[in-house]
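Summary of the model geometry
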Amino acid sequence: VGFFPEEEKHLLVTVVFAEYIKLMRELQAIYVLEPAGSHGVWGLDDFHHLVYFFGAAQLANQDDVVGGPATVLDERARAERRRAFL
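Conventions we followed
Residues numbered from 1 in each chain as written. Predicted model: local features only at pLDDT ≥ 70, side-chain atom pairs only at ≥ 80, totals over all residues. Heavy atoms only, no water. Helix = DSSP H or I, 4+ residues; strand = E, 2+ residues; numbered from the N terminus. Buried < 20%, exposed > 50% of the residue type's maximum accessible area, 1.4 Å probe, protein only. Contact = heavy atoms within 4.5 Å. Areas by Shrake-Rupley, 256 points an atom, 1.4 Å probe, with all protein chains shown as cover. Phe/Tyr/Trp six-rings, centres within 6.5 Å; stacked < 30°, edge-to-face > 60°. Arc of directions from axis to C-beta. Axes fitted to C-alpha atoms, helices over the stretch in contact; angles between N-to-C directions. Left-handed = near helix turned anticlockwise from the far one by under 90°. Nonpolar A, V, L, I, M, F, W, Y, C, P; charged D, E, K, R; others polar. Patch = residues over 30% accessible without salt bridge, like charges linked within 9 Å, V, L, I, M, F, W, Y side chains within 5 Å. Salt bridge = Lys/Arg side-chain N within 4 Å of Asp/Glu carboxyl O.

**Things to note about the overall build of the chain**
Broken down by element type, the chain carries four helices and zero strands. The buried share of the chain, reckoned over its 86 residues, is 20%. Look at the contacts in the chain between residues 6 or more apart in sequence, and 46% of them connect residues 24 or more apart. A total of about 7000 Å² of accessible surface is found on the chain, and carbon and sulfur atoms cover 62% of it.

Structure below.
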């Protein structure tokens with residue numbers, strides 16, 4: 001509480017959480033782990049669903065930047081923006 005300045009709190013998601021997700025996916029690939037809830041290993045990836053919430057929050061009110069919902073299906077648009085958004 002109070003550890004991060006208000007103007008840097010977004011970095012918790014865009015940097016720290018993004019790195020956590022990359023690490024979890026890497027561990028799952030290396031050790032061929034199944035997702036939580038299927039046969040165990042629960043706890044390892046319990047937060048993967050948050051990517052969808054954080055990504056949606058990043059895209060909220062961004063139609064002019066992102067191009068609207070139609071660009072979700074546009075492979076080129078996704079490739080161009082994949083580093084900027086979760």
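Picking up where we left off.
**A word on the packing of aromatic side chains**
By the definition in use, this model includes three aromatic pairs. Relative to Tyr20, the ring of Phe17 has its centre 5.9 Å away and its plane inclined at 35 degrees; by these criteria the two rings are tilted. Here Phe17 pairs with Tyr20, and both are found in helix H1 (residues 11–31), just three residues apart, close to one helical turn. Three or more aromatic residues joined by ring pairs make a cluster, and in this case those are Phe17, Tyr20 and Phe54.

**Focus on helix H2 (residues 50–59)**
Among the residues of H2, those classed as buried are Val51, Gly55 and Gln58. Buried residues in H2, looked at end-on, bunch into an arc of 55 degrees, giving them a common side. The exposed residues of H2 that point more than 90 degrees off its buried face are Tyr52, Phe53 and Ala57. For H2, the secondary structure elements touched by its buried residues are H1. Looking one or two residues beyond H2, the residue adopting positive phi is Asn61, at roughly 60 degrees.

**Focus: the packing of H1 against H2**
Look at H1 against H2: their axes get within 12 Å of each other, and the N-to-C directions meet at 145 degrees. Crossing of H1 against H2: the hand is left-handed. Contacts from Val13, Thr14, Phe17, Ile21 and Arg25 in H1 reach Leu50, Val51, Phe54 and Gln58 in H2. Considered class by class, the residues forming the contact of H1 with H2 number six nonpolar, two polar and one charged.

**Observations concerning a nonpolar patch on the surface**
Taken together, the side chains of Phe3, Phe4, Leu11, Leu12, Val15 and Val16 define a hydrophobic patch exposed on the protein surface, amounting to about 540 Å² of accessible area. Turning to its location among the elements, Leu12 is positioned in helix H1. When its relative accessible area of 33% is taken as the criterion, Leu12 is described as partly exposed.

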